[in-house]
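Report on the structure
What follows is the residue order along each chain.
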Amino acid sequence: FMGRQEIKAGLFTLAALGILSIFMVLISGWNPWKEQTVYKTRFRMVSGINPGSSVRMHGVPIGSVTGLRLMDDGSQVEVTFGLTGERVLNDGVIAELAQASLLGESFLLLTQYRQQGEALEPGSMIPSRQKMDMAETMNAMGRLAGRAEAIVRDVQVVINEKEMTALRDNIR
């Protein structure tokens, strides 16, 4: 049978954990009762995006990513996101992935390209534009460097042939 000291220690520990949990929720800004308008978009790859990642419009935080789902054929990832308050998106908005820092932290960037578009229904699919990520950029640079190296070799061969021909002509 437990003594009074153990019960007090257990209650103190539970209270401390409860207060810590509330404090962490308040700091993170997470509010499960906050109204959100939900939309979806799709990308080939979503490096650095996770549930909870920020959603920004023209750089201003307006919501968060609520879910990621790999499509059945594996070709795309569907990103579900919620906008805070009663905010709605209009036709002409485009979703992009953007990096907040060099450490790889990413966010979903929404840009309104046509100001007078009609309001989109909650749950609508937002068109996306995929930029090259760092790995794709480095692969492209590697391929470009390989092609440039081959061109330089070809130019060297042509120059060497001309020099050899000129040298032969001078010797004669």
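Each remark here, short or long, concerns the structure printed above.
My aim in this report is to walk through the structure given alongside it, one point at a time. Just so we're clear, the structure is a prediction, and the values are computed from it rather than from any experiment.

Reading the values: the criteria
Residues numbered from 1 in each chain as written. Predicted model: local features only at pLDDT ≥ 70, side-chain atom pairs only at ≥ 80, totals over all residues. Heavy atoms only, no water. Helix = DSSP H or I, 4+ residues; strand = E, 2+ residues; numbered from the N terminus. Buried < 20%, exposed > 50% of the residue type's maximum accessible area, 1.4 Å probe, protein only. Pairing = 2+ DSSP bridges. Core = buried A, V, L, I, M, F, W, Y, C linked by side-chain atoms within 4.5 Å. Contact = heavy atoms within 4.5 Å. Phe/Tyr/Trp six-rings, centres within 6.5 Å; stacked < 30°, edge-to-face > 60°. Lys NZ or Arg CZ within 6 Å of the ring centre and 35° of its normal.

**Some thoughts on the overall build of the protein chain**
Each helix and strand counted, the protein chain has two helices and seven strands in total. Taken from N to C terminus, the helices and strands of the protein chain fall in the order α-β-β-β-β-β-β-β-α. Counting across all 172 residues of the protein chain, residues that qualify as buried make up 23%.

**A look at unusual backbone geometry**
Positive phi, normally seen in glycine, also occurs at His 58, with a value near 50°. If you trace the backbone, His 58 turns up in the loop between β2 (54–57) and β3 (60–70).

**A closer look at the sheet that holds β3**
Ordered in space as β5-β6-β2-β3-β4-β1-β7, the seven strands form an open sheet in which the pairing is mixed. Looking at strand neighbours, the two that pair on one side only are β5 (93–99) and β7 (125–126), the edges of this open sheet. The sheet contact formed by strand β1 (residues 36–43) and strand β4 (residues 77–84) spans eight bridges and is antiparallel. Following the sheet pairing, Thr 41 is matched in β4 by Val 79.

**Things to note about the nonpolar core**
Among soluble globular proteins, nonpolar side chains are generally buried collectively. Ranked by internal contacts, the top residues of the largest apolar core, which has 19 residues, are Val 55, Phe 81, Leu 83, Leu 89, Leu 108 and Leu 110. At the level of elements, β1, β2, β3, β4, β5 and β6 (106–112) are the ones that each hand at least two residues to this core. Considering every element that reaches this core, the biggest residue donor is β4, with four residues. Among residues more than four places away in sequence, those in contact with Leu 108 are Thr 41, Phe 43, Ile 49, Ser 54, Val 55, Arg 56, Val 79, Phe 81, Ala 95, Glu 96 and Leu 97.

**Here we look at the environment of Gly 82**
Tracing the chain through its elements places Gly 82 in strand β4. Judged by its relative accessible area of 0%, Gly 82 is buried. Excluding its chain neighbours within four sequence positions, the residues that come into contact with Gly 82 are Gln 36, Thr 37, Val 38, Ile 62, Gly 63, Ser 64 and Thr 66.

**Focus on the packing of aromatic side chains**
Under the criterion given, the structure shown has one aromatic pair. Over the ring of Phe 107 we find Arg 56; its NZ or CZ atom is 4.2 Å from the centre of that ring.

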